[in-house]
Amino acid sequence: MGKGDSIFACQQETAVFDELAAELDVEPPRYVDIRDRAGWTADSSAAGPKMAAIMADALLEVPPVKSIDVQSEGLCLILGSPDVAFPAALQLCEVLGVTVLVEGNADIPPDRRFEVVRGELSGASGSLGNFKVRIRNLQQLQPGGRGDFVLGVPVSSGQSECDLILDLSGKPPLFPAPGKREGYLRADPGDPLAVQRVVFEISHLTGMFEQPLYVSFDQHLCAHSRAQKTACTRCLDTCPTGAISSAGDHVAVDPMICAGCGACSSVCPSGAVSYELPPAEFLFRRLETLSRVFRDAGGGQPRLLVHDEDHGSEMISLCARYGRGLPSSVIPLAIESITCFGHAEMLAAVATGFASVDLLVSPRTERGVLERECALALAIMDQPRVRMLDVHDPEALSDVLFGFEAAEPVADTVFPLGGRREVTRISAKALNPDMDEPIALPEGAPYGAIVVDTEACTLCLSCASLCPSGAIGDNPELPQLRFQEDACLQCGLCANICPENAITLQPQLDLSDAALGQRVVKEEEPYSCIECGAPFGVKSTVERIVSRLEGKHSMFTASDAGRLIRMCDDCRIKAQYHSRENPMQMGERPIVRTTADYMNGKGRN
């Protein structure tokens, strides 16, 4: 029996079944909690379709999770006052390699089971197994045979490495989102229970660990920057841990710092950053399966409840065991991080047949990202179908869900295929089948058009040459600036690079087929070469240059010099080559002399 051959619809007795599988020397089965997620509800008689949907979801083959190995040898740096740091060091010195960093003139205990240094911590970087710390005025211990230990001469600055950091200083955290930085633990030094909790936790952080690769990154799709001009910074502005940094024309993602919130993938307009736990295409498949099986089993108006695997699962379990549970039409969907469920996933859920989508946030959820994604999804939907549930009481959760009447689901459902941008467009068309005008979107949306000031635009084409998605292009045959709205990421690079400030962004979503093709946003009459008649530039630009240079600039004061401006490249080169004032002219080519010429005495002439 393999791991995919059986599924137990009960997670309460997981340990029993795992132990039995070990005795039989087989792979442990998979589990799905039918009772807490679908049964024990006030309307349990109608829970059959939901149970069928949840079982179908459990049967889907989950893609394997990519990970890298992280080694922690237990080198631990403890920060804090001596009255808290030294007792913690005594508890940890038997299992970890401990160094205590003290500030001020505290007494140094004559104990060689752990190291003591004095200085001021000026900075720290890294994560579990690879922390780097910088210390000012560093003094290292010099133990002696008699008397107290002394410290050496201060060094202006020093740098060291460690695997773990235990912060008991009570000062602001060393890192953004400190609760998500692996290997960095902190507690209030005035709370003995909290201190003991982190001391116990950090004592177990030695050995080899698997760090999941939460996101994948394709730098070729990134629209962060071009030609040292900054464009899209959505992921940089969103990442709570600082795992994303600028790296020239693209960003860089540090997988060791990434905590897997998935917010970057939700806001990335190009798909350069994609969440892998699970991938977006698998999440779309789950949505379609849950909705389809629920409706095929006789259910009506399915409602989706998206939650994380920790806080949300516990809330639902408590609702089922001690309260009314969930309504029979509410299907819970557990994912690793709720912030990876962006506007594309919300729209896909409704377009596949869900009447509404509820997002159950936890105390650790990055609400700002989720609120912006909800606002974007609501702007695209035909009516309000998405809401955030910020409740932390199981009974209150049941009351909110039982007291809500969802709208009718869409009549014609879709199958979400493609990337997040493609799924957004497909879903939006299903939700707005009769929409003729573009849908106005909030500022910062990753969909939209550009507005070109045709009077200011000179058709320099700098925007077309640098557009990262190819939404802006030119016409090699005519002086034209073209734009394809479906490809526009609203990264803002065109507006930043335009020397005339002629471009502004207009966030919107055009569902018509016109958005899929190129349209001319600026066009001018070409200028014809005065020699051959071939068009070679923009007429207004050439005439403007002529008016400013001919007869006024020292290089164009000669009678024929001004004509060069009115010529195409080929004719200009020919005219310069045959000109008497050509500075590159080398005179007549000398006659080639052969051996016969020299033999006849002509080679010396």
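Residues numbered from 1 in each chain as written. Predicted model: local features only at pLDDT ≥ 70, side-chain atom pairs only at ≥ 80, totals over all residues. Heavy atoms only, no water.

Remarks on the pattern of salt bridges
Alright, step 1. Applying the stated criterion to the full structure yields 17 salt bridges.
Alright, step 2. One salt bridge in this structure joins Asp 57 and Arg 286, with 2.8 Å as the shortest N-O distance. Linking Asp 57 in helix α3 (residues 48-59) with Arg 286 in helix α8 (residues 280-296), this pair joins segments that are 229 residues apart in sequence. Take Asp 57 and Arg 286: they sit in the same class, and that class is buried.
Alright, step 3. Residue Glu 115 pairs with Arg 112 through a salt bridge whose shortest N-O separation is 3.3 Å.
Alright, step 4. Glu 115 sits in the partly exposed class, given a relative accessible area of 34%.
Alright, step 5. Judged by relative accessible area, which is 45%, Arg 112 ranks as partly exposed.
Alright, step 6. When salt bridges that share partners are traced, they join Glu 94, Asp 111 and Arg 113 into one network. (Salt bridge = Lys/Arg side-chain N within 4 Å of Asp/Glu carboxyl O. Helix = DSSP H or I, 4+ residues; strand = E, 2+ residues; numbered from the N terminus. Buried < 20%, exposed > 50% of the residue type's maximum accessible area, 1.4 Å probe, protein only.)

Remarks on a negative patch on the surface
Alright, step 1. Residues Glu 309, Asp 310, Glu 314 and Glu 336 make up a contiguous surface patch of negative charge.
Alright, step 2. Within the secondary structure layout, Glu 309 lies in the loop between β19 (303-308) and α9 (311-322).
Alright, step 3. On the basis of relative accessible area, Glu 309 is assigned to the partly exposed category, the value being 43%. (Patch = residues over 30% accessible without salt bridge, like charges linked within 9 Å, V, L, I, M, F, W, Y side chains within 5 Å. Areas by Shrake-Rupley, 256 points an atom, 1.4 Å probe, with all protein chains shown as cover. Lys, Arg positive; Asp, Glu negative; His and termini not counted. Charge placed at Lys NZ, Arg CZ, Asp CG, Glu CD.)

Focus on the packing of helix α10 (residues 343-351) against helix α13 (residues 420-431)
Alright, step 1. Two elements in contact, α10 and α13, have axes whose closest approach is 8 Å; the angle formed by their N-to-C orientations is 40 degrees. In terms of orientation, α10 lies oblique with respect to α13. Judged by the twist between their axes, the crossing of α10 over α13 is left-handed. Only Arg 420, Val 423, Thr 424, Ser 427, Ala 430 and Leu 431 of α13 make contact with α10, whose side of the interface consists of His 343, Ala 344, Glu 345, Leu 347, Ala 348, Val 350 and Ala 351.
Alright, step 2. Of the residues assigned to the contact of α10 with α13, the class counts are eight nonpolar, three polar and two charged. (Axes fitted to C-alpha atoms, helices over the stretch in contact; angles between N-to-C directions. Parallel < 35°, antiparallel > 145°, perpendicular 65-115°, else oblique. Left-handed = near helix turned anticlockwise from the far one by under 90°. Contact = heavy atoms within 4.5 Å. Nonpolar A, V, L, I, M, F, W, Y, C, P; charged D, E, K, R; others polar.)

A word on the sheet that holds strand β26 (residues 478-483)
Picture the strands of a sheet paired through backbone hydrogen bonds; they go either parallel or antiparallel.
Alright, step 1. Spatially, three strands are ordered β25-β26-β28 in an open sheet, and the strand pairing comes out antiparallel. The sheet is open, and its two borders are formed by β25 (472-475) and β28 (519-523), each paired with just one other strand. Taking each pair of neighbouring strands and ignoring which way they run, the sheet shows an average axis angle of 35 degrees.
Alright, step 2. In this structure, β26 lies alongside β28, joined through four bridges in antiparallel fashion. Bridging from a neighbouring strand, Arg 482 pairs with Val 520 of β28. (Pairing = 2+ DSSP bridges.)

A word on helix α11 (residues 367-380)
Alright, step 1. Its 14 residues give α11 an end-to-end C-alpha distance of 20 Å, which sits within 8% of 20 Å, the value for a rise of 1.5 Å per residue.
Alright, step 2. Looking only at α11, the buried set comprises Val 369, Leu 370, Glu 373, Cys 374, Leu 376, Ala 377 and Ile 380. Viewed end-on, α11 has its buried residues packed into an arc of 160 degrees, placing them on one side of the element. (Expected span 1.5 Å × (residues − 1). Arc of directions from axis to C-beta.)

Overview of the pairing of strand β7 (residues 131-142)
Alright, step 1. Strand direction decides the pairing type here: strand β6 (residues 115-125) and β7, joined by seven bridges, are antiparallel. Paired with Glu 120 across the bridge in β7 is Arg 136.
Alright, step 2. Taking the residues between adjacent antiparallel strands as the criterion, β6 and β7 are bridged by five residues, where Gly 126 takes a positive phi near 100 degrees.
Alright, step 3. In the sheet, β7 pairs with strand β9 (residues 155-162) via seven bridges, with the strands oriented antiparallel. Paired with Val 133 across the strands is Ser 160, a residue of β9.
Alright, step 4. Alignment of β7 against strand β8 (residues 150-151), held across two bridges, turns out to be antiparallel. By the bridge assignment, Gln 142 is partnered in β8 with Val 150.

Some details on the layout of surface pockets
Alright, step 1. Taken as a whole, the largest pocket holds about 1000 Å³ of empty space.
Alright, step 2. Lining of the largest pocket is provided by 38 residues; of these, Gly 179, Lys 180, Glu 182, Ala 259 and Arg 364 occupy positions nearest its centre.
Alright, step 3. Breaking the lining of the largest pocket down by element, the ones donating at least two residues are β11 (184-186), α5 (192-202) and β12 (207-212).
Alright, step 4. For the lining of the largest pocket, the leading source of residues is β12, giving four residues.
Alright, step 5. Of the residues contributing to the lining of the largest pocket, the split by class is 16 nonpolar, ten polar and twelve charged. (1 Å grid on protein atoms, 1.4 Å probe; cavity = no way out; pocket = protein on both sides within 12 Å on 5 of 7 lines; lining within 4 Å. Points joined across faces, edges and corners; volume = space filled by probe spheres on them.)

Things to note about the packing of aromatic side chains
Alright, step 1. Throughout the structure, instances matching the rule amount to five aromatic pairs.
Alright, step 2. Relative to Tyr 184, the ring of Phe 175 lies with its centre 5.0 Å away and its plane at 80 degrees, an arrangement referred to as edge-to-face.
Alright, step 3. Note on Phe 175: relative accessible area 6%, which makes it buried.
Alright, step 4. A relative accessible area of 4% places Tyr 184 in the buried class.
Alright, step 5. Taking the centre distance of 5.7 Å and the plane angle of 85 degrees together, the rings of Tyr 527 and Phe 536 count as edge-to-face.
Alright, step 6. Judged by relative accessible area, Tyr 527 falls into the buried class, the value being 12%.
Alright, step 7. Judged by its relative accessible area of 28%, Phe 536 is partly exposed.
Alright, step 8. Clustering of aromatic rings is evident, with ring pairs tying together Phe 131, Phe 175 and Tyr 184.
Alright, step 9. Positioned above the aromatic ring of Phe 404 is the side chain of Arg 387, whose terminal nitrogen or guanidinium carbon lies 3.9 Å from the ring centre. (Phe/Tyr/Trp six-rings, centres within 6.5 Å; stacked < 30°, edge-to-face > 60°. Lys NZ or Arg CZ within 6 Å of the ring centre and 35° of its normal.)

A short note on the side chain of Asp 111
Alright, step 1. Residue position: Asp 111 is located in the loop between β5 (97-102) and β6.
Alright, step 2. Classification of Asp 111 as buried rests on a relative accessible area of 16%.
Alright, step 3. A polar atom in the side chain of Asp 111 sits 2.8 Å from the side chain of Arg 113. (Polar contact = N/O pair within 3.5 Å; in protein donor to acceptor, adjacent residues only side chain to side chain.)

Read these as geometric descriptors, not functional statements.
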